[in-house]
Each structure stands twice: as C-alpha cells, then as structure tokens.
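Tertiary structure, described
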Amino acid sequence: MSSSDSADHMMRFTERIAFYAFINFKDNISKWEERVCTNSGRKFFKPKVSGSITPAVGMFFKSFDEAFAFYQRYARAAGFHFSKEIDSGSVENSKKIVRRNRGSKRVGCNAHVKLILENNNMFKIYYFEEEHNHIFVEDEDNHFLSAARSIDYVKESFISGLSAINIGPVKAFNIMKTMYGGFGEVGASKVDCKNYRRDLNLYIGEYDAEMVVRRLIRKKECCPGFTCDYVIGEDRRLKGLFWADEQSKKLYSVWYDLVFVPFTGIDNHFRNVTFGGALLGSETADSYRWLLRCFVNAFGSEPKVVVTDQDAAMKRAIKDVLSRSRHRLCMWHIWEKLKTKVGPVLSANTDFNTRMTHVVWNDTIILEDFETEWHSIMFTFGLENHEWLKDMYDLRFDWIPAYYHGEDLAGLMRTTSRCESENYFFGQICNPRCTLVEFFTHFETAMDIQRHEHRRNDHDTRYIECKPWSDFVLEKQASEIYTQTIFKDIQIEIDAAITKCLSKSVDTVGDVQYFEIKDFRQPCTSFFKVQYSKQEDGLSISCSCKRFEQFGILWRHIFYVLRYEDISEFPRRYVHRRWMRDVVSVGSNHSNIRFDEIGRNSEIDKVYREIVVANEYVVNRLVGDLDELCRYRDHIKSYIDKVDEVMVAAPPPSRKERFADIGGNLEKSDSMIRVPIKIRTKGCGVQKRIKSNREIAIQKSSKIQKSCRVCGGKGHNSRTCKDKVSSNAIGSSNGV
C-alpha cells in the first residue's frame, strides 16, 4: 500500500473530557500516573489500565468497528470521552454551522491512536499517544461517559418487550433503573432509550407498510393455516389489510353463530374471542365489502348473526356479502345515544329512565306490551314528533328484544357492547401513534393475553370443582358438561326453580303435559307455560319465556318441570355445544410464530430467555445461603474477562444491522407499498369540540383581563367603552 493510500485510511480517535464541579484528587490518584513537563510546567496524566485492554503499537484488528470497540472499552476503564475521525481527503461542507450555547467537552487533549489499513485488509495501530492533559472521571460518574453508555442487545430486547405492551422508552428506562439498582447501573441514559426508539422509527419510516405486508406473507409461508390479504390503491398506498391465524379459524368453527364487528365472538366462558383483524384506509361500503369477502374466504362460512352499530356503509356491505346472516344493531350504542338525543332534562328524569329501561332491556316483554308502553312513554313526555326516536322506532325490528324472542342466541345481543369492550381491551395495548410494525406486535401481544385467559379459564373448569347448591341430580351432571362460568348460571336457575317457582296447574293432552309456572322473581308477569312430553328419541320440552332459544341454556321454569318429573339424566338435546367444557381440545391453543419473530434469528432470543430463567432459578435457590450466592456471583464475574476477549474477536452487530434484523433489509422501489394516509374514523368527533358556556366562563375567569383606559373597568376596551361613547354624544350635542 502506498503512503498516499495510507494517509487516506488514517483514522484517529480524539477524546473529549467532561468537566465536573468537584473532583476528589486524593481518592483518584491511584487511577493514573502524573508527569510534569520541566520546560512548561504542564501536567500530563497516563491512566492505569489493565494491559489486556490497553492499545499498543502493532496491534491488528479485522475491522474498523472492532478497533473502535477495543478503544471504547479502554476509554471506559480509564474514564474519558472520545470520538472518532476518518481522514479521507478534504470535503467542502456547505451546510451552515449552528452553534448552541452550551459548554464544550473538548480540552485539546492529544491522546489518540492511529490506524492504517494494511494490504491484508487488517487495521494496524501504528501510533499511540497515551498521555492526557487532564484528570479522569471518577468511578461513580463513569456512567455519564458516552463510552460507558450503549443500548445493547439486552436493553433493546427489554425496551422492545415493554413496547409490545404499550410501555414507552422513558418508562422502560425507569423500570431498568429500579431493577438494576440505580441510574449508574443501567449503562444507558433516558435519552439513549428515547433515541433508540426514534432511530428505529426513522429506519422503518416509509417502509412501514411494505415491512408489514412482507412479514405477513412470510408468516403465511411458515404457517399454512394463516390467512392474509391486502389491497392497494393506484398510488400504491395500502388501502386494506386482513389477517387471521389457524387458531382463530378453529375457534370460529365452534363459535361462529354470533359475530360482533370487529370480528369478535363469545367463547364457552362467555368471554370475548377475536377471530381476526383488519386495517382499512377508509370506511366506505366498498372497503367493508372487500373486508367481509376476505373474512368469508378465510373462514369458509358466514356467521349466523352479525351485530354492528348503525353505520350505513357497513349495513350495505353486510346486505351484499353476508346475505344469509341476520344483521342486528347493538343496543348499547343506541342506548348511549338516547341520553344526548332527548336532552339533559329528560336524561336525568328517573321516571323516564325507568320506563324506557323496562321497555327496551326487557327480554320477556311481548310485542303488544312493547307497542303500548312505547307509545305511552312518547305521549307522556311529549316525544311523539321526536325525529330520532321515530327513526329508532322504525328500526325496532333490528334491536328491540321483543321482536326476535325465538331467534337462536338472540339474548346475547342485548348485553353491553362487546365491541366497545374489545376496543378498550386493545386500547390498553396499542396506541394511535405507533407504526404499523409496532401495531402488529401490540396486536399479537393482546391476542396472547386473550388466549392465555381462555386457557386459564379452561384450567379452572377442569381442576376446580364448584360446590353444589342442592341435591338435584341434574346439577351434578351439569357441572361435568358445562364450563365453570356457564355452570354458575345453571346453578342460579336450578336454585330459582327450587325456591322461586311453583306450578299452578298441570294439564295432560295425549302424551303432552302443559304446566303453568309462577315465577316469584317476576311478580308482575303472567304465568309461564311449559310444554313437556316423552318421545322415543328423548324428552321434548319448551317454555313460553323462550330463554333457552335466546341464551342457549335451560331456564328455571324447565328445570322445575324436570325436577317435578324426576328426570335423572340431563337432556343432551338441550346442551349447546358452544357452552361445553371440552368444545375446544386442550392442545388446540398452540402458540404459532409471532409477527416480530419472522425473519429474525430467534435462536438467540431463545438462548437469552433460557439464560435469564436459569439465572433466576439459581438465585432463588441460593438466596438463603449468602456464601454460596457469593461464590455463584464470583463464578459469573470470572467469565467477564473471557467474554471481553470473545467480543474483541467478534464485535456485536451495529445498530443498523440490528434494525435490519427487526424490520428487514428494504430498498426503495416503484413497487414498494406505501404507508396509508391517516384518516379520522367515524365517531371520533371533530378536531375542535364545542365548549359549554360553563367551560368558556371558567377559562375567561382564569385569564388576566386588561382594564379600560377610559373608565378602568374590565371586560371591554377604550373603543367599546360606554363612558367614552356617552361623552362623545354629549360633546356632539353641545357642538350643535
């Protein structure tokens, strides 16, 4: 290599020193050797550092980064800042230099090393200046040095793991500070954690949508049961994205009778279960049609019942795509609107609320009673011409329980909004400011939580036995058939059948018996009629309350008749499969490949987790024996020097390489999928909300009002002052 080439590849590490208000020179004298120049009287300091980490002329390194990491370790042990410079010729910089009013860490120290690139592509130290013109940082302040701070693999994993549950980098730093025992033990600052998240988002940048689509396609290749589909616009922006994994499909095959939008069902523990997810660039009928077609293609069948809010575009899409599904409106959404539509006076009226609640939320009311009571309420409170209530009355077939008593599982639709509950659930994990890549990590975390809760409920059902409330033989059998949650509802009905029901009369016509049951928990209702008969294929029983048809479990009136007839075997004909404890096999809740693990070296993550678990196990076993615990600590520390040697031979990957491992290596191209434009969803309100008079008055009262220059009063100025106007009027009249 020529001398000119050597000059082009010269690299210099120039250190920087931070000034401190107080330094205990006596305590730190052992950290360095001091030399005084005889001519100038200036002092020079040479750090006392282990020879294994001290640079020396003739050392070789495989790469510049390896040499930089070696000198970084040396600077951290000695206690000084440093920076790197690469001499590659003079380059003119036309950018304006912006100077900030802050102190400088540069003191003109000449300590540095110089490297040259040899013909064998190895970097060699050919010059080393070891002496400094300043003292070094105290040991307890070493964590303020840039050489001692870094976001390494462990911290990245920790920050990313907390980000998956919607905990930001600042809170992640505070948690690490508490775990490690202080700010100085973390090895990074709060700003370092924030900058890591910022740099990761900048790396993702405009490749956000492309990364997500590629990851999902890759997941589809790895998991045959996984389904995903997407659509892009003419400008290559992502317009829609749908996905559902294999486990969601298995759950849908069991609980597909009732689906709330967004794709939420009810499991056998009466808890929410998510069948799939989607992102839409617009809330139009065409977008919903595309989404529903993707849903049907993925799951192979339409749901029996679909419950939504009153969105017109969604209603048209459901009519076109889910033609065999029954579309019902969510009562919770309508009931919440009622308070604002009728005004604050009526919404606070106890009599109005009680009567409306009885007519709307009543499962047992018949059509004639509903019609009569509704018109009576409208007349009593002067609401006959109320436009919104008239519209809701016209839609009564889609949301009032009296109009679909006989429909299967219709009673589940009158519960409080499961969609809102699902939105709240995901809102605890996600936030609207995250990238698409981060959103998918949050989504899968939420799904893990939901499925873990399902497995916990399954575990409780299998291994926790509920205490019987009676000696009724069907109660014991029900505990072996249903999940724990549903069985507790069955217990309530059996107890009510024994203590709150009484038969008025029993009539027999042929092989059919007719019972009239008085339910003392509903004293205002008429008698419930139960029809019972024995057939060759089992017994047949039904009740006029229609609760079995609505909720899928036998009600108290039927249990009364079964007990009266001394039935000793639970009628399996009236057991809904969706509520059974073994409807989902134990092994079906298997874990699949997570979105954030696709394309990454997951073996490193696996080994890291095994080390953490093993270390925690050993510490927990030795926490009662201090001597043995100290020996374990010394064993771990003895490995540090060996690890440092390994790290010099193979330095860790750069931050850019780690980002590429997270998001993938992407290059900008014309075929790249662009990030969708952010939109405001329906129902999220306007940018500037309308303030009430009370809020405006409070804000005005908190402001300092200026005084009028004419009269000294407040609330007006000299131009609008009444005294000035009146004085001008008097002056004008005098002039006339």
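Residues numbered from 1 in each chain as written. Predicted model: local features only at pLDDT ≥ 70, side-chain atom pairs only at ≥ 80, totals over all residues. Heavy atoms only, no water.

**What about the overall build of the protein?**
What counts, and what does not: A run of H or I in DSSP becomes a helix once it reaches four residues, and a run of E becomes a strand once it reaches two; helices and strands are each numbered from the N terminus. Residue burial is assigned from relative accessible area. The probe radius is 1.4 Å, only protein chains are included, and a residue is buried under 20% of its type maximum, exposed over 50%, and partly exposed in between. We get accessible surface area from the Shrake-Rupley algorithm with a probe of 1.4 Å; when it comes to residues, only the shown protein chains can shield them.
Along the protein, the regular secondary structure elements total 27 helices and 19 strands. For the protein, the residues scored as buried account for 42% of the 736 residues in total. Just so you have it, the protein exposes about 42,500 Å², and 52% of that area is on carbon and sulfur atoms.

**Quick word on helix H6 (residues 190–204)**
Residues separated by three or four positions in an α-helix point in the same direction, a consequence of the helix having 3.6 residues per turn. Stated formally: Multiply 1.5 Å by the residue count of a helix minus one, and that product is the helix's expected span. Directions from the helix axis toward the C-beta atoms define the arc.
Between its terminal C-alpha atoms H6 stretches 22 Å, which fits the 21 Å expected from 15 residues at 1.5 Å a residue. Turning to H6, its buried residues number three or more, namely Asp192, Cys193, Tyr196, Arg197, Asp199, Leu200 and Ile204. All buried residues of H6 fall inside an arc of 160 degrees around its axis, so they share one side. A positive backbone phi angle near 45 degrees is found at Gly205, which sits one or two residues after H6.

**Some remarks on the pairing of strand E3 (residues 43–47)**
Where we set the bar: Being paired, for any two strands, means DSSP has found at least two bridges between them.
Examined bridge by bridge, strand E2 (residues 32–36) and E3 share 5 bridges and lie antiparallel to one another. What sits directly across from Glu34, in E3, is Phe45.

**Examining the pattern of salt bridges**
Short version of the rule: Any Lys or Arg side-chain nitrogen found within 4 Å of a carboxyl oxygen on Asp or Glu counts as a salt bridge.
Evaluated as defined, the whole model comprises 25 salt bridges. A salt bridge links Arg456 to Asp460; the shortest N-O distance between them is 3.4 Å. Residue Arg456 and its partner Asp460 are located together in helix H17 (residues 436–463), separated by 4 residues, close to a single helical turn. Between Glu493 and Arg556 there is a salt bridge, and its shortest N-O distance comes to 2.8 Å. Of the two residues, Glu493 sits in helix H19 (residues 484–499) while Arg556 sits in helix H21 (residues 556–564), which places them 63 residues apart along the sequence. There is no split in this pair, since Glu493 and Arg556 are both buried.

**Brief notes about the packing of aromatic side chains**
The geometry of an aromatic ring pair is captured by the separation of the ring centres together with the interplanar angle, meaning the angle of the planes. The test is simple: Aromatic pairs are defined between Phe, Tyr and Trp rings, using the six-membered ring for Trp, whenever the two ring centres lie within 6.5 Å; interplanar angles under 30 degrees are classed as stacked, those over 60 as edge-to-face, and all others as tilted.
The tally for this structure, following the rule as stated, stands at 34 aromatic pairs. Ring centres of Tyr482 and Phe570 lie 5.9 Å apart, and the angle between their planes is 70 degrees; this geometry places the pair in the edge-to-face category. One end of the pair, Tyr482, is in the loop between helix H18 (473–481) and H19; the other, Phe570, is in the loop between H21 and helix H22 (602–622), and 88 residues separate them in sequence. An aromatic cluster of at least three residues, connected via ring pairs, comprises Phe242, Tyr252, Phe263, Phe275, Phe295 and Phe299.

**Comments concerning the sheet that holds strand E16 (residues 501–509)**
Which entries qualify depends on this criterion: Lines are fitted to the C-alpha atoms to define the axes, a helix being fitted only along its stretch in contact, and any angle between axes, read from their N-to-C directions, falls within 0 to 180 degrees.
Taken together, the 4 strands give an open sheet; going across it, the order is E16-E17-E18-E19, and neighbouring strands pair in antiparallel fashion. Each having just a single partner strand, E16 and strand E19 (538–543) make up the two edges of the open sheet. Within the sheet, the average angular offset between the axes of one strand and its neighbour, ignoring direction, is 20 degrees. Bridge count for strand E18 (residues 528–535) against E19 is 6 bridges, and the pairing is antiparallel. Bridge assignment links Gln535 to a residue of E19, and that residue is Gly538.

**Overview of the sheet that holds strand E13 (residues 277–280)**
Either a parallel or an antiparallel arrangement is found when strands of a sheet pair, and the pairing is made through backbone hydrogen bonds. Our working rule: In this description, contact between two residues means that some pair of their heavy atoms is separated by no more than 4.5 Å.
Strand order in the open sheet formed by 3 strands is E8-E9-E13, with antiparallel pairing between adjacent strands. The open sheet is flanked by strand E8 (227–232) and E13, the only strands paired with a single partner. Ignoring strand direction, the axes of neighbouring strands in this sheet form an average angle of 5 degrees. Bridge count between strand E9 (residues 238–244) and E13: 4 bridges; the pairing is antiparallel. In the strand pairing of E13, Phe242 is matched with Ala278. Contacts from H17 reach E9 and E13 within the one sheet, and its direction differs from that of E9 by about 25 degrees.

**Things to note about the side chain of His112**
Looking at where His112 falls in the secondary structure, it is placed in strand E6 (residues 112–117). According to the relative accessible area criterion, His112 is buried, its value standing at 3%.

**Regarding the packing of H18 against H19**
Spelled out, the test is: Angles are sorted into four bins: roughly parallel if under 35 degrees, roughly antiparallel if over 145, roughly perpendicular if 65 to 115, and oblique for all others. By definition, any crossing whose near helix is turned counterclockwise from its far helix by less than a right angle is left-handed, and any crossing with a clockwise turn is right-handed. Polar here means any residue outside two lists: the nonpolar Ala, Val, Leu, Ile, Met, Phe, Trp, Tyr, Cys and Pro, and the charged Asp, Glu, Lys and Arg; Gly therefore counts as polar.
The N-to-C vectors of H18 and H19 enclose an angle of 165 degrees; their axes lie 9 Å apart at closest approach. As summarised for this structure, H18 and H19 are arranged roughly antiparallel, according to the angle between their axes. By crossing handedness, the relation of H18 to H19 is classed as right-handed. Here Glu475, Ala478 and Ser479 of H18 lie close against H19, whose contacting residues are Phe487, Ile490, Gln491 and Ile494. Tallied by class, the residues present in the contact of H18 with H19 amount to 4 nonpolar, 2 polar and 1 charged.

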